[in-house]
Amino acid sequence: PPATLAFNMQLHEPTVLKKLVPALSDFADASIRGRFDSHSDSLRVQALFPKTVYSGYEIDTLRLHIAGDSSRLSYFLFFHHLKSSSVEVHRTLLYGMMEHRELGINLRIRDGQNKDQYRLSGALKMRDQGYAFQLRRDSLMLNAQNWQLPDDNLITYTPAGLQIHHFGLQNGSQ
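Residues numbered from 1 in each chain as written. Predicted model: local features only at pLDDT ≥ 70, side-chain atom pairs only at ≥ 80, totals over all residues. Heavy atoms only, no water.

**Some words on the packing of aromatic side chains**
So, point 1. A full pass over the atoms with the stated rule returns 1 aromatic pair.
So, point 2. When the centroid spacing of 6.0 Å and the interplanar angle of 65° are considered together, the rings of Phe27 and Phe49 count as edge-to-face. Highlighted residues: Phe27 in strand 2 (residues 24-27) and Phe49 in strand 4 (residues 42-54), separated in sequence by 22 residues.
So, point 3. Accessibility expressed as a relative area gives 18% for Phe49, which makes it buried. (Phe/Tyr/Trp six-rings, centres within 6.5 Å; stacked < 30°, edge-to-face > 60°. Helix = DSSP H or I, 4+ residues; strand = E, 2+ residues; numbered from the N terminus. Buried < 20%, exposed > 50% of the residue type's maximum accessible area, 1.4 Å probe, protein only.)

**Quick look at the pairing of strand 4**
So, point 1. Direction of pairing for strand 2 relative to strand 4: antiparallel, over a ladder of 3 bridges. The partner of Asp26 across the bridge, within strand 4, is Val53.
So, point 2. Of the strand pairs in this sheet, strand 3 (residues 30-37) and strand 4 are connected by 7 bridges, and their pairing is antiparallel. The residue bridging Ser31 from the neighbouring strand is Leu48, located in strand 4.
So, point 3. Here strand 3 folds back onto strand 4 in antiparallel fashion, the turn holding 4 residues, of which Asp41 has a positive phi close to 50°.
So, point 4. Where strand 4 and strand 5 (residues 57-68) come together, 11 bridges link them in antiparallel fashion. Looking at strand 5, one finds that Ala47 is bridged to Leu64.
So, point 5. Connecting strand 4 to the next strand, strand 5, in antiparallel fashion are 2 residues, including Ser55 with a positive phi near 50°. (Pairing = 2+ DSSP bridges.)

**Some points on the environment of Asn153**
So, point 1. Along the polypeptide, Asn153 turns up in the loop between strand 12 (145-147) and strand 13 (154-158).
So, point 2. The class of Asn153 is buried, set by a relative accessible area of 0%.
So, point 3. It is 44 Å that separates the C-alpha atoms of Asn153 and Asp29, two residues lying 124 residues apart in sequence.
So, point 4. Setting aside its immediate chain neighbours within four residues, Asn153 contacts Gln134, Leu135, His165, His166 and Phe167.
So, point 5. A distance of 2.9 Å separates the side chain of Asn153 from the backbone oxygen of Leu135, its partner in a polar contact.
So, point 6. Within the structure, the side chain of Asn153 is placed 2.8 Å from the backbone oxygen of Pro150, a separation counted as a polar contact. (Contact = heavy atoms within 4.5 Å. Polar contact = N/O pair within 3.5 Å; in protein donor to acceptor, adjacent residues only side chain to side chain.)

Okay, here's the thing in structure tokens:
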């Protein structure tokens, strides 16, 4: 028979979690909620972690959303700020959809003034003997500069090894 499962978890002062993960030094109250419906084959999950410090990495406001049904799964991961002694990253968004053995990948990283600094968009396809990854031709931004790739750029990984096809970057005359 069809079943529905709804859950709503609030994580407060996770003493047990800190014992399981000793490198977790700070953790603000977090929430995870969701719903699974077997009749419609649907899944929805939302999570919010306001502040987490793990092994010297401080993450401010991590959000995760997952939604799917029997034919596709979409995801959305965002954090406001990630900081350690060697790196500082602002407003990072990773999102996409998995459908028909293909994972859409979209990544955007902004600076402290909320301007795009890094961006890429592509697709990871599962093949019988491995994986193939292709970036969208006009989706690449590095250090706030747009770069172009050939339409037929492709990175494949199979048991025979890694192959890179037409993966030349171009920015004006560079």
